[in-house]
Amino acid sequence: MRKMVDFSFTEEQSLFRETVREWLAKNLPLERVRENDIKQRLPKDLIKGLGDLGLLCMTLPEEHGGAGADWVTTTIAAEELGYADISIALPVFFLVQASWGYVVDRYCTETVRDDVLRKAARGEAFIGIAATEPGGGSDVAGFQTTLKRGEGHWIVNGEKTYISGTEECLELGGGYFCVGYHDRSLGHRGMTAFYLPLKAQGVEVTKRFEDMGRMAISTGGFKMTDVVIPDEYQLGETGRGFYLTMEGFDDARLLVSASCIGAAQRALEIGIDYIKERRAFEQPLARFQGIQFELADMVARLEATRALIYKTAWILDEKYKGKIGALEASKWISMCKLLAPELAFDIFKRTMLWLGAYGYTKECPLEMGLRGVMSYCIGAEGAANIQRIVIARETLGREYTRTR
Ligand SMILES: Cc1cc2nc3c(=O)[nH]c(=O)nc-3n(C[C@H](O)[C@H](O)[C@H](O)COP(=O)(O)OP(=O)(O)OC[C@H]3O[C@@H](n4cnc5c(N)ncnc54)[C@H](O)[C@@H]3O)c2cc1C
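Residues numbered from 1 in each chain as written. Predicted model: local features only at pLDDT ≥ 70, side-chain atom pairs only at ≥ 80, totals over all residues. Heavy atoms only, no water.

**Q** Could you give an account of the domain arrangement of the protein chain, with specific residues and numbers?
**A** Partitioning the protein chain into domains gives domain 1 (11–125), domain 2 (127–235) and domain 3 (249–400). Each of domain 2 and domain 3 has a C-alpha centre, and these two points are 30 Å apart. Counting residues at the interface gives eight residues for domain 2, matched by 10 residues for domain 3. Our count for the contact surface shared by domain 2 and domain 3 stands at zero salt bridges. Put simply, domain 2 and domain 3 have two residue pairs in polar contact (both at pLDDT 80 or more) between them. Tallied by class, residues from the side of domain 2 that touches domain 3 come to five nonpolar, two polar and one charged. (Domains from an automatic or database assignment. Contact = heavy atoms within 4.5 Å. Salt bridge = Lys/Arg side-chain N within 4 Å of Asp/Glu carboxyl O. Polar contact = N/O pair within 3.5 Å; in protein donor to acceptor, adjacent residues only side chain to side chain. Nonpolar A, V, L, I, M, F, W, Y, C, P; charged D, E, K, R; others polar.)

This is the structure in C-alpha cells:
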C-alpha cells in the first residue's frame with residue numbers, strides 16, 4: 001500500500017527537542033534574556049553550552065566538527081532557541097552559523113575548516129554573512145565590492161554594513177562568508193565568494209549600530225581596503241558567488257522562520273496565562289469572546305505557519321539529497337520567511353495588548369520579542385518583498401522576471 005503522509009518527528013528528533021528545551025529552560029530563563037538584552041552581550045557560558053550540546057554549526061558533517069544534523073532537526077533547534085530567547089539574539093548567533101557555516105563548509109578548503117569552522121562548532125570562533133553594502137542589501141547583483149587578481153590571491157576592496165555579530169567575531173575570532181565582483185561585465189556570473197577573516201589586514205570595523213532590538217548580539221559594518229585573500233579562502237568556483245549567496249540565504253531563511261514561530265509560541269503562552277488570571281468586569285479576560293476570537297486566529301495562523309516551516313525543512317533535506325530542485329526549495333523557503341516574521345510580530349503586538357499597561361513595560365518580557373522579530377520583518381536575511389519576488393517568479397515562470 002502507498003505510504004500516507006507522516007507528520008510525526010522521529011524518536012531521535014523528539015528526544016532532541018526535549019533535551020534542547022530542558023537545557024534552555026535551565027540556562028536561559030526569561031530573566032536572563034532580559035539581563036543579556038540590558039547588558040547587550042551574550043554570556044560566554046551560553047555560547048560554550050550550545051557548543052557542548054552540539055548545536056553550534058550542527059549542520060556540518062561530524063568529521064568537520066558539526067553534528068551532521070539534517071534540516072528538520074536543525075529547524076527544531078532554531079524553534080526552541082526562539083522559544084527560549086524571544087529577544088532573538090541567541091537564535092541569530094546560532095542560525096547564521098548553522099546556515100552560512102554550512103555553505104562555507106560545502107565550498108571551502110580544509111584550511112578554512114581548520115581556521116574557522118571547527119572552532120566555530122566549539123564556540124571558539126564566529127562565522128557569519130557579510131553581504132549587505134551601504135548601497136543596499138536586496139539587490140545582491142548591485143554590490144560594489146571588487147576582487148582583483150593577484151599572484152595566488154585576490155585583492156578585495158569594498159564595504160559591508162548592517163552585519164550581525166561583528167563584535168562577537170572580533171572577540172572570539174572568525175569571519176564571514178563574503179561576496180564581490182571579480183568581473184562586473186559578466187553580470188551576476190562575475191561574482192565570487194570568499195571567506196573573510198575579520199581580523200585580516202586591511203579590514204577596519206567602522207561601526208556598531210544602536211539597533212532597536214536583539215540587543216545581545218551586535219550589528220556592525222566594516223571597510224575592506226586592499227585585503228589580500230589567499231586562493232585557499234575562495235569559496236566555490238570563480239563566478240559562482242551569486243549562487244552560493246542565494247543558497248546561504250535559503251538555508252538561513254528557513255531557520256529564521258523557525259526561530260520567529262518559536263518566539264511567537266512563547267508570546268502566546270505568556271498571553272494565555274495572563275488572560276486566564278486577569279479579571280475585568282468580574283470575569284477572567286479569557287471568557288470574553290472578543291479575546292477568544294483573537295486567540296483562535298493566532299493559534300490557527302501559528303500552526304499553519306509551523307506546518308509550512310517543517311514541510312519546507314523536509315524539502316530542504318530533499319534538495320540536498322538531489323531529489324527536489326533548488327529553485328522549488330527557494331519558493332517554499334521564501335513563503336516561510338514571508339509569513340513567519342510578520343506573524344510573530346503580530347502575535348507579540350496582540351498579546352502585549354492583552355497584557356494592558358503591563359505589556360508596555362520592561363517588567364514584561366514581550367516587548368523584547370516585538371523588537372527582536374521586527375529585525376526579520378525589516379529584512380535581516382532578506383526583505384519581505386524579495387520573498388514575494390521569489391515566490392511570484394517560481395509560480396509564474398522566469399519569463400515574467402523583471403529585467404534590469
Ligand atoms: C538587525 C539586522 C541584522 C542584519 N544582519 C545582516 C548580516 O549579518 N549580514 C548581511 O549581509 N546583512 C544583514 N542585514 C541586512 C539585511 O540583509 C538587509 O537589511 C536586507 O537585505 C535589505 O536590504 P536594505 O536594508 O539595504 O534595504 P533595501 O534593499 O534598500 O530595500 C528597502 C525596501 O525596499 C524593498 N525593495 C527592495 N527591492 C524591491 C523590489 N525589487 N520590489 C519591491 N520592493 C523592493 C525592500 O523590501 C525593503 O522594504 C541585517 C539587517 C538587520 C536589520
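Now that the structure has been shown, we can carry on.
**Q** A description of helix 8 (residues 241–277) should follow, citing residues and the corresponding values.
**A** The terminal C-alpha atoms of helix 8 lie 54 Å apart, and with 37 residues this matches the ideal 54 Å at 1.5 Å per residue to within 8%. Burial of helix 8 is extensive: 30 of the 37 residues sit out of reach of the surface. (Helix = DSSP H or I, 4+ residues; strand = E, 2+ residues; numbered from the N terminus. Expected span 1.5 Å × (residues − 1). Buried < 20%, exposed > 50% of the residue type's maximum accessible area, 1.4 Å probe, protein only.)

**Q** Describe in detail the site of the ligand, supporting the description with residues and values.
**A** Among the 20 residues in the neighbourhood of the ligand, the closest are listed as Ile129, Thr132, Ser138, Tyr162 and Ser164. A distance of 2.8 Å is found between an oxygen atom of the ligand and a backbone nitrogen or oxygen belonging to Ala131. Within the backbone of Ser164, one N or O atom sits 2.8 Å away from an oxygen atom of the ligand. Contact with the protein chains removes 68% of the 960 Å² of surface that the ligand exposes when unbound. Going through the elements one at a time, strand 1 (126–130), strand 3 (153–164), helix 12 (366–378) and helix 13 (384–396) are the ones with two or more residues in the shell around the ligand. In terms of residue class, the shell around the ligand is built from 10 nonpolar, eight polar and two charged. (Near = heavy atom within 4 Å. Areas by Shrake-Rupley, 256 points an atom, 1.4 Å probe, with all protein chains shown as cover.)

**Q** Lay out the packing of helix 8 against helix 10 (residues 326–354) with the relevant residues and their values.
**A** In a pair of packed helices, the angle between the axes and the distance between the axes together describe the arrangement. Contact geometry for helix 8 and helix 10: axes closest at 8 Å, N-to-C directions at 25°. On the basis of the axis angle, helix 8 is roughly parallel to helix 10. The way helix 8 lies across helix 10 gives a crossing that is left-handed. (Axes fitted to C-alpha atoms, helices over the stretch in contact; angles between N-to-C directions. Parallel < 35°, antiparallel > 145°, perpendicular 65-115°, else oblique. Left-handed = near helix turned anticlockwise from the far one by under 90°.)

**Q** Please set out helix 9 (residues 289–320) residue by residue, giving values where relevant.
**A** Between the first and last C-alpha of helix 9 there are 46 Å, a value that for 32 residues agrees with the 46 Å anticipated at 1.5 Å per step. Backbone geometry just after helix 9 places Gly322 at a positive phi near 80°.

**Q** Could you give me a rundown of the side chain of Gln234, with the residues and numbers involved?
**A** As for its placement among the helices and strands, Gln234 is situated in strand 8 (residues 234–235). A distance of 3.0 Å separates the side chain of Gln234 from the backbone oxygen of Gly236, its partner in a polar contact. In this structure Gln234 touches Tyr107, Trp154, Thr192, Ala193 and Phe194, once residues within four positions along its chain are discounted.

**Q** Break down the packing of aromatic side chains for me, with residues and values.
**A** Here the structure, examined in full by the defined rule, presents 13 aromatic pairs. A centroid spacing of 5.2 Å and a plane angle of 90° characterise the contact between Trp71 and Tyr102, whose relative ring orientation is edge-to-face. You can see Trp71 sitting in helix 4 (residues 71–84) and its partner Tyr102 sitting in helix 5 (residues 89–107), a full 31 residues away along the chain. The exposure class of Trp71 is buried, given its relative accessible area of 2%. Their ring planes at 85° and their centres at 5.7 Å tell us that Phe242 and Tyr243 sit as a pair that is edge-to-face. You can call Tyr243 partly exposed: its relative accessible area is 26%. Taken together, the aromatic side chains of Phe93, Phe126, Tyr176 and Phe222 make up a single cluster linked through ring pairs. The ring of Phe9 has Arg17 lying over it, and the distance from NZ or CZ to the ring centre is 5.3 Å. Directly above the ring of Trp154 sits Arg149, whose terminal nitrogen or CZ lies 4.6 Å from the centroid. (Phe/Tyr/Trp six-rings, centres within 6.5 Å; stacked < 30°, edge-to-face > 60°. Lys NZ or Arg CZ within 6 Å of the ring centre and 35° of its normal.)

**Q** Now, about the environment of Leu338: what can you tell me, with residues and values included?
**A** Looking at where Leu338 falls in the secondary structure, it is placed in helix 10. Leu338 sits 18 residues away from Gly356 along the chain, and the two C-alpha atoms are 29 Å apart.

**Q** Please set out unusual backbone geometry residue by residue, giving values where relevant.
**A** Notably, Ile88 is not glycine yet its phi reads approximately 80°, a positive angle. Within the fold, Ile88 resides in the loop between helix 4 and helix 5.

**Q** How would you summarise the pairing of strand 7 (residues 219–230) if you had to cite specific residues and measurements?
**A** The pairing of strand 3 with strand 7 spans nine bridges and is classified as antiparallel. Across the sheet, Ser164 pairs through a bridge with Thr219, a residue of strand 7. Of the pairings in the sheet, the one linking strand 6 (residues 203–208) to strand 7 comprises five bridges and is antiparallel in character. Among the inter-strand pairings, Val203 is bridged to a residue of strand 7, identified as Met224. (Pairing = 2+ DSSP bridges.)

**Q** Any details on the packing of helix 10 against helix 13? Residues and values, ideally.
**A** Interaxial distance between helix 10 and helix 13 falls to 8 Å at its minimum, and their mutual angle equals 145°. Read as a crossing pair, helix 10 and helix 13 show a hand that is left-handed. The segment helix 10 lies against helix 13, with Leu327, Ser330, Lys331, Ser334, Met335, Lys337 and Leu338 engaging Ala384, Gln387, Arg388, Val390, Ile391, Arg393, Glu394 and Thr395. For the contact of helix 10 with helix 13, the class distribution of residues is six nonpolar, four polar and five charged.

**Q** Pulling in residues and values, what's your account of the side chain of Arg113?
**A** If you trace the backbone, Arg113 turns up in helix 6 (residues 110–121). What makes Arg113 buried here is its relative accessible area of 10%. Within the structure, the side chain of Arg113 is placed 2.7 Å from the side chain of Asp105, a separation counted as a polar contact. The contact partners of Arg113, leaving out residues within four places of it in the chain, are His64, Asp105, Cys108 and Arg118.

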